[in-house]
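# Structural features, examined
Here is what each chain is made of, one letter per residue.
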Amino acid sequence: MPVKPPRKWGAYFARLLSERRGQSDTDFITMLANAEVRGEGLPAEIAIAFLRQLMNAAGDTTYRATGNLIVGLLTNPDQLRAVQADRSLVSQAVEEALRWEAPLQIQPRLTVADVEIANVIIPADHKVDLVMGSANRDPGRHRDPDQFNIFRAKSRHLAFGYGPHLCLGQHLARMEMELALNLLLDFLPNLRLDPQKISPKITGLNARAPDAIHVLFDPPRNARPGK
Ligand code: HEM
């Protein structure tokens, strides 16, 4: 039986918002429920639409990016060992994974004026797909761009977009990815790819992630999370 999550999300968010309206907690949903613009509360349908957008923008992207990060490290065991030995490398591993395999590869835009790029005129009122994933592998910007390399010189990437719509949650996303990787390394010693299974493949355009990652690890020990 197919499920219909959109309707259910709408009802779920409506209930959450009404429960939290008038409360004084400082969590995000309570703040949204009580938000006012010039003395007027936010209409429920706008708050619900925003929360729906956030489910995709925040959740869908971050778990996929974390999967891509894990593939990058597992398929480059020397780099995985380096991160295991020195957790200060975690943040540059996250940054490199975002450059190497951004979960959102394409951002669509509509031109509002004629523009010329590399001797090509794009007329106004045309749909354009900006392939940020390609820019992230531009050999003019990144040496050996197809290679996952956490030691590459710091270089800017476009995984979080560019301009006025730059990702609002980028710092949270980085923090979540760092935490997830630290926990994984804490709890699953000797994490490695299972050589008996197919290697992970990262696929997709705007939901780019591995379908599956088959791993082996030693029995978990009682680790204290986070470093
Ligand atoms: C690795 C994780 C993430 C990636 C790769 C990512 C990527 C992006 C990209 C490329 C855009 C720009 C879209 C465009 O220009 O059309 C964007 C926008 C946005 N992101 Fe993220 N994002 C991530 C995580 C998050 C998180 C955790 C949140 C919130 C908690 C979030 C909230 C948003 C919002 C609200 C926008 C729209 C900003 C605007 O239109 O002004 N994102 N994100």
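In the block above lies the structure referred to throughout.
As a starting point, this report considers the structure included with it.

Conventions we followed
- Residues numbered from 1 in each chain as written.
- Predicted model: local features only at pLDDT ≥ 70, side-chain atom pairs only at ≥ 80, totals over all residues.
- Heavy atoms only, no water.
- Core = buried A, V, L, I, M, F, W, Y, C linked by side-chain atoms within 4.5 Å.
- Buried < 20%, exposed > 50% of the residue type's maximum accessible area, 1.4 Å probe, protein only.
- Contact = heavy atoms within 4.5 Å.
- Donors = N, O, S within 2.8 Å, 3.2 Å for Na, K, Ca; no water.
- Helix = DSSP H or I, 4+ residues; strand = E, 2+ residues; numbered from the N terminus.
- Near = heavy atom within 4 Å.
- Polar contact = N/O pair within 3.5 Å; in protein donor to acceptor, adjacent residues only side chain to side chain.
- 1 Å grid on protein atoms, 1.4 Å probe; cavity = no way out; pocket = protein on both sides within 12 Å on 5 of 7 lines; lining within 4 Å.
- Sits in = over half its atoms within 2 Å of the grid points.
- Nonpolar A, V, L, I, M, F, W, Y, C, P; charged D, E, K, R; others polar.
- Points joined across faces, edges and corners; volume = space filled by probe spheres on them.

The next point concerns the nonpolar core. Among the nonpolar cores identified, the biggest contains 27 residues, and Leu 69, Leu 73, Val 83, Leu 98, Ile 150 and Leu 181 are the most heavily contacted of them. Every residue in contact with Leu 181, bar those within four places of it in the chain, is listed here: Leu 69, Leu 73, Val 83 and Val 90. Counting residues in hydrophobic clusters, the runner-up holds nine residues, among them Phe 13, Leu 16, Leu 17 and Leu 32.

Among all protein atoms, only Cys 167 (SG) binds the iron atom of the ligand, sitting 2.3 Å from it. Of note, Cys 167 is situated in the loop between α6 (132-135) and α7 (170-187).

Close contacts around the ligand come from 21 residues, with Ala 57, Thr 61, Arg 109, His 165 and Cys 167 the closest. Here Ala 57 contributes a backbone N or O atom positioned 3.2 Å from a nitrogen atom of the ligand. Within the side chain of His 165, an N or O atom sits 2.6 Å from an oxygen atom of the ligand. Of the pockets mapped on this structure, the ligand occupies the largest pocket. Put simply, the parts of the chain that give the shell around the ligand at least two residues each are α3 (44-74), β3 (106-110) and α7. Counting residues per element, the shell around the ligand draws most heavily on α3, which supplies six residues. For the shell around the ligand, the class distribution of residues is 14 nonpolar, six polar and one charged.

Estimated volume of the largest pocket: approximately 1,000 Å³. Along its surface, the largest pocket is lined by 35 residues, and Ala 57, Ala 58, Leu 104, Cys 167 and Leu 168 are the ones closest to its centre. For the lining of the largest pocket, the element with the highest residue contribution is α3, accounting for twelve residues. The class makeup of the residues in the lining of the largest pocket is 21 nonpolar, ten polar and four charged. Considered as a void within the structure, the second largest pocket measures approximately 400 Å³ in volume. Along its surface, the second largest pocket is lined by 19 residues, and Glu 95, Ser 155, Arg 156, His 157 and Arg 174 are the ones closest to its centre.

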